[in-house]
Amino acid sequence: MSLTEKEDVRCSDDNTYGLVTGEVKNILTIDVEDWFHTNDFNIRKEDWSSYESRIRRNTEKVLEILDEYDVKATFFVLGGVAESEPGVIRSIIEAGHEIGSHGSYHEMADRMEPKLFREDVRRSCRSIEDITGVKVIEFRAPSWSIGPGNIWALEVLEEEGIKVDSSFQPFKTFLSGNSKLPMHPFHPVIEGRRLGLIEFPSTVIGFLGLRMPFSGGAYLRMLPESFIIWAFRMVTRKRPGMIYVHPWELDTEQPHIESEFPFNISHYKNLDTTERKMRRLLKEFDFHSLSVAVQNDGFPDIVVKAQYP
Ligand SMILES: [Zn+2]
């Protein structure tokens, strides 16, 4: 199915994209970064060694929970983690999960020139592939930092062999996102050229023309469990939904450091609820890795533009 310019991205939540096989496959993704790697604190990679690494124990905890529910997920790993903690990558692979890249050092893609972004992607993939021996074909930009302002990044990713990108955030936040972006998986069409790459945006629920995030990070921690379950059930009646969790979000004992509003609140808020909500989702829904969920494709072509009114 090919959409014209006129139809482009103004999609309603009633679309049933991804239902070609009659079955919606939900996705679980884990963004593997340490508590101090996030853009909440803006700590330069040169200073990372000054902070306590908790990535190994926190990732092991996630792996134990997934093993309990017999779920295989996609882990988007920082190249920097692959370099400093190769054992973490081995544990993920040995547990049968899939590994994608989350960039090298959690630098926002929309703050990089194309050349630098390509180098960052290449380096992260190489660091991961050196351990796994498997070509990396999935990518998530740090803090969902691909959108209309850096659409070229999708072309770079395709040229670097990425088959599925999950870096669009279809709502606006302090850091990134755009509320005109599609809410469902699609093949981007950029200046008339259709990419083979599938873009899988973060999952939001839409109603009355509004969009509400709930499917991961601070939103998942702050919103009530009953709302998250309800919203995920509503969304996944029509299209595949995706949950995302960071290993540090299960770590209630991580160090507290200062940061600016709103990150001083959002980073630490309700960390003690993550495991409970994650377990409830795993109990209520079936989850798959990203590549399993998109294997039948059937996603529409959608024109993406560098500017939206
Ligand atoms: Zn991240």
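Sequence positions are assigned chain by chain, starting from 1 and proceeding in written order. Where totals are concerned, whole chains, interfaces and linings use all residues; where local detail is concerned, this predicted model gives features only for residues with pLDDT of at least 70, and gives and counts side-chain atom pairs only at 80 or more.

1. Comments concerning the overall build of the protein chain
The helix count covers DSSP runs of H or I at least four residues long, the strand count covers runs of E at least two residues long, and both are numbered beginning at the N terminus. Tallying secondary structure elements over the protein chain gives ten helices and twelve strands in all. In summary, the protein chain has a C-alpha radius of gyration of 18 Å against a globular reference of 19 Å for 309 residues, a match within 12%. Across its three principal axes, the protein chain shows a C-alpha extent of roughly 50 × 45 × 40 Å. Comment: burial labels come from other C-beta atoms within 10 Å of the residue's own C-beta, placed from the backbone, where a count of 20 or more is buried, 12 or fewer is exposed, and between is partly exposed. Residues classed as buried in the protein chain amount to 44% of the 309 residues present. A separation of at least 24 residues holds for 79% of the contacts in the protein chain among residues at least 6 apart in sequence. Computation of the radius of gyration draws on C-alpha atoms alone. For the globule rule, the value is 2.2 Å times the number of residues to the power 0.38. Remark: residues whose backbone-derived C-beta atoms lie within 7 Å of one another are considered to be in contact.

2. Some thoughts on the packing of helix α3 (residues 86–94) against helix α4 (residues 114–132)
For the pair α3 and α4, the least separation of the axes is 10 Å and the interaxial angle reads 60 degrees. Taken as axis vectors, α3 and α4 run oblique relative to one another. Between α3 and α4 the crossing geometry is right-handed. Facing α3, whose interface residues are Pro86, Ile89, Arg90 and Ile93, α4 presents Ile128, Ile131 and Thr132. Think of each axis as a best-fit line through the C-alpha atoms, taken over the contacting stretch in the case of a helix, with angles from 0 to 180 degrees between the N-to-C directions. Note on angle classes: values under 35 degrees are labelled roughly parallel, values over 145 roughly antiparallel, values of 65 to 115 roughly perpendicular, and the remainder oblique. Each crossing is labelled by how the near helix is turned from the far one, with a counterclockwise turn of less than a right angle marking it left-handed and a clockwise turn marking it right-handed.

3. Notes on the packing of helix α7 (residues 225–235) against helix α9 (residues 274–284)
The description of two helices packed together rests on the angle between their axes and the distance between the axes. For the pair α7 and α9, interaxial distance at closest approach is 10 Å and the crossing angle is 35 degrees. Of the two elements, α7 crosses α9, and the hand of that crossing is right-handed. Taking contact as the criterion, the partners of Glu225, Ile228, Ile229 and Phe232 in α7 are, on α9, Arg276, Lys277, Arg280, Leu281 and Glu284. Under the scheme applied, nonpolar residues are Ala, Val, Leu, Ile, Met, Phe, Trp, Tyr, Cys and Pro; charged residues are Asp, Glu, Lys and Arg; polar residues are all the others, including Gly. When the residues that make up the contact of α7 with α9 are grouped by side-chain class, the tally is four nonpolar, no polar and five charged.

4. What to know about unusual backbone geometry
One non-glycine residue, Asp70, lies in positive phi territory at about 55 degrees. Within the element layout of this structure, Asp70 appears in the loop between α1 (55–69) and β2 (74–77). Residue Asp70 is classed as exposed on the basis of its 8 C-beta neighbours within 10 Å. Phi is positive for Asp297, which is not a glycine, with a value near 50 degrees. Mapping Asp297 onto the fold places it in the loop between α10 (290–294) and β12 (301–303). Its 12 C-beta neighbours within 10 Å are what place Asp297 among the exposed residues.

5. Regarding the sheet that holds strand β7 (residues 193–194)
Adjacent strands of a sheet form backbone hydrogen bonds with each other and so pair up, either parallel or antiparallel. Two strands form a pair only when DSSP identifies at least two bridges running between them. What the three strands build is an open sheet, ordered β7-β6-β12; its pairing is mixed. Each of the sheet's edge strands pairs with one partner strand only, and the pair in question is β7 and β12. As paired strands, strand β6 (residues 187–190) and β12 are joined by three bridges and run parallel to one another. Along β12, the bridge assignment pairs Val189 with Val303.

6. With respect to α3
Buried residues of α3: Val88, Ile89 and Ile92, and no others. The buried residues of α3 all sit within an arc of 100 degrees when viewed along its axis, so they share a single face. Pointing more than 90 degrees away from the buried face of α3 are the exposed residues Gly87, Arg90 and Glu94. Structurally, α3 contributes buried residues whose contacts are with β1 (27–32), α1, β2, α2 (79–84), β3 (98–101) and α4. At the C-terminal side of α3, Gly96 shows a positive phi close to 90 degrees. As used here, the arc is the angular range of directions from the helix axis to the C-beta atoms.

7. Regarding the confidence of the model for the protein chain
One number per residue, pLDDT, summarises how confident the predictor is, and it ranges from 0 to 100. Chain-level pLDDT for the protein chain is 90 on average; 92% of the residues reach the 70-or-more range. Predicted confidence is poor over residues 1–21, with pLDDT under 50, and the contacts of this stretch with residues over four places away or in other chains come to 44 contacts.

8. A closer look at the pairing of strand β9 (residues 204–207)
In this sheet, strand β10 (residues 210–213) lies alongside β9 in antiparallel orientation, the contact comprising four bridges. Bridged to Gly206 within β10 is Arg211. In this antiparallel pair of consecutive strands, β9 and β10, the connection spans two residues, and Leu208 shows a positive phi of 50 degrees.

9. Examining α4
Given 3.6 residues per turn, any residue in an α-helix points the same way as the ones three and four places further on. Take the number of residues in a helix, subtract one, and multiply by 1.5 Å to get its expected span. Helix length check: α4, at 19 residues, gives a terminal C-alpha distance of 27 Å against a target of 27 Å (1.5 Å per residue), a fit within 8%. Here α4 has its buried residues at Phe117, Asp120, Val121, Ser124, Cys125, Ser127 and Ile128. Looking straight down α4, one finds its buried side chains confined to an arc of 155 degrees; they lie on one side. Residues of α4 that are buried in the fold lie against β2, α2, α3, β3, β4 (138–139) and α5 (152–159). Just past α4, the residue Gly133 takes up positive phi, approximately 75 degrees.

10. Concerning the pairing of β6
Strand direction decides the pairing type here: β6 and β7, joined by two bridges, are antiparallel. Within the sheet, the bridge partner assigned to Val189 lies in β7 and is Arg194. Here β6 folds back onto β7, and the loop between the two strands holds two residues, one of which, Glu191, carries a positive phi near 45 degrees.

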